[in-house]
Amino acid sequence: GANSVVNKTIEPYGVYAGVPARKIKSRWNFVPPVEIDFRNEEHRPYFYAGFDHVAHCEHGMHVLGTTATLTLNSQGVSNLTLQVFSTFAEAIQVVVSTGTKRELLTVRTGAHSLKLGSFAPEADTSYRKIQITIQGRDKGAFYVSHARIT
């Protein structure tokens, strides 16, 4: 709400009001699946930030700037499969994080199966959220089509 003071991380699609801000209700139940694919319209909200949700191609969801974020349900993460396509031969930084752990990986274009250690769930959520932030050097130079946790 207007003039609310937010002093901690809040859930996406939540409605908050007051000082300090308190959750009033949810506009949508934001519980990410363990696998997302850009061709499935129900998965589009989990291509969370930085993606062009309207114009995409066979390579995947176009990243508008240099950074994009995906959100998945981790379910005891040990392996992350990520499909990334770059229009340049540059390396792409992948940051995998929860509220308690962060891991930085460097990948090139193509399908990647990334081995990860286990990630603890965030304490303030009813599911185990894992965020994947992908960073490229050039604006609009890459696409993401698929991500899966196993």
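Please read all numbers here as calculations on a predicted model, not as lab measurements.

As a further point, take the overall build of the chain. When its secondary structure is counted, the chain shows 0 helices and 13 strands. Counting helices and strands in the order they occur from the N terminus, the chain gives β-β-β-β-β-β-β-β-β-β-β-β-β. With 150 residues in all, the chain has 43% of them scored as buried. Counting contacts in the chain only where the partners sit at least 6 residues apart, residues at least 24 apart contribute 57% of the total. Split by element, the accessible area of the chain, about 8000 Å² in all, is 50% carbon and sulfur.

With that settled, consider the nonpolar core. Within soluble globular proteins, side chains that are nonpolar generally end up buried alongside one another. In terms of nonpolar packing, the biggest core is built from 26 residues, with Leu 70, Leu 82, Ile 132 and Val 144 touching the most fellow members. Among the elements of the structure, β6 (60-63), β7 (67-73), β8 (79-86), β9 (92-97), β10 (102-107), β12 (129-135) and β13 (142-149) are those that each provide at least two residues to this core. At 4 residues, the largest contribution of residues to this core is made by β13. Ignoring any residue separated from it by four or fewer positions in sequence, one finds Ile 132 in contact with Ala 68, Thr 69, Leu 70, Leu 72, Leu 80, Leu 82, Val 94, Val 95 and Val 96.

Only a minority of non-glycine residues have a phi that is not negative, and only a minority of peptide bonds are not trans. Of note, the amide linkage connecting Val 19 to Pro 20 takes the cis form, showing an omega dihedral of -5 degrees. Here Pro 20 shows up in the loop between β1 (14-17) and β2 (22-26).

Turning next to the environment of Arg 137. Structurally, Arg 137 is set in the loop between β12 and β13. Here the alpha-carbon distance between Arg 137 and Ile 92, two residues 45 residues apart in the chain, equals 7.5 Å.

Here we come to the pattern of salt bridges. Per the counting criterion, the structure on display carries 1 salt bridge. One salt bridge in this structure joins Arg 39 and Asp 37, with 2.9 Å as the shortest N-O distance.

This paragraph deals with the side chain of Ser 145. Looking at where Ser 145 falls in the secondary structure, it is placed in strand β13. Overall, Ser 145 belongs to the buried group, its relative accessible area being 8%.

All chains considered together, the criterion is met by 2 aromatic pairs. Between Phe 47 and Phe 51 the ring centres are 5.2 Å apart and the planes differ by 90 degrees, which places this aromatic pair in the edge-to-face class. Both residues of the pair, Phe 47 and Phe 51, count as buried.

Let us look at the side chain of Asn 73. Mapped onto the elements, Asn 73 comes out in strand β7. Judged by its relative accessible area of 8%, Asn 73 falls in the buried class.

On to the pairing of β8, then. Along a regular strand, successive side chains alternate from one face of the sheet to the other. Of all the 8 residues making up β8, 6 are buried; the element is thus mostly covered by neighbouring parts of the structure. Here β8 runs beside β13; their pairing, made up of 7 bridges, is antiparallel. Across the sheet, the residue bridging to Phe 85 is Tyr 143, located in β13.

What counts, and where the lines are drawn
- Residues numbered from 1 in each chain as written.
- Predicted model: local features only at pLDDT ≥ 70, side-chain atom pairs only at ≥ 80, totals over all residues.
- Heavy atoms only, no water.
- Helix = DSSP H or I, 4+ residues; strand = E, 2+ residues; numbered from the N terminus.
- Buried < 20%, exposed > 50% of the residue type's maximum accessible area, 1.4 Å probe, protein only.
- Contact = heavy atoms within 4.5 Å.
- Areas by Shrake-Rupley, 256 points an atom, 1.4 Å probe, with all protein chains shown as cover.
- Core = buried A, V, L, I, M, F, W, Y, C linked by side-chain atoms within 4.5 Å.
- Salt bridge = Lys/Arg side-chain N within 4 Å of Asp/Glu carboxyl O.
- Phe/Tyr/Trp six-rings, centres within 6.5 Å; stacked < 30°, edge-to-face > 60°.
- Pairing = 2+ DSSP bridges.

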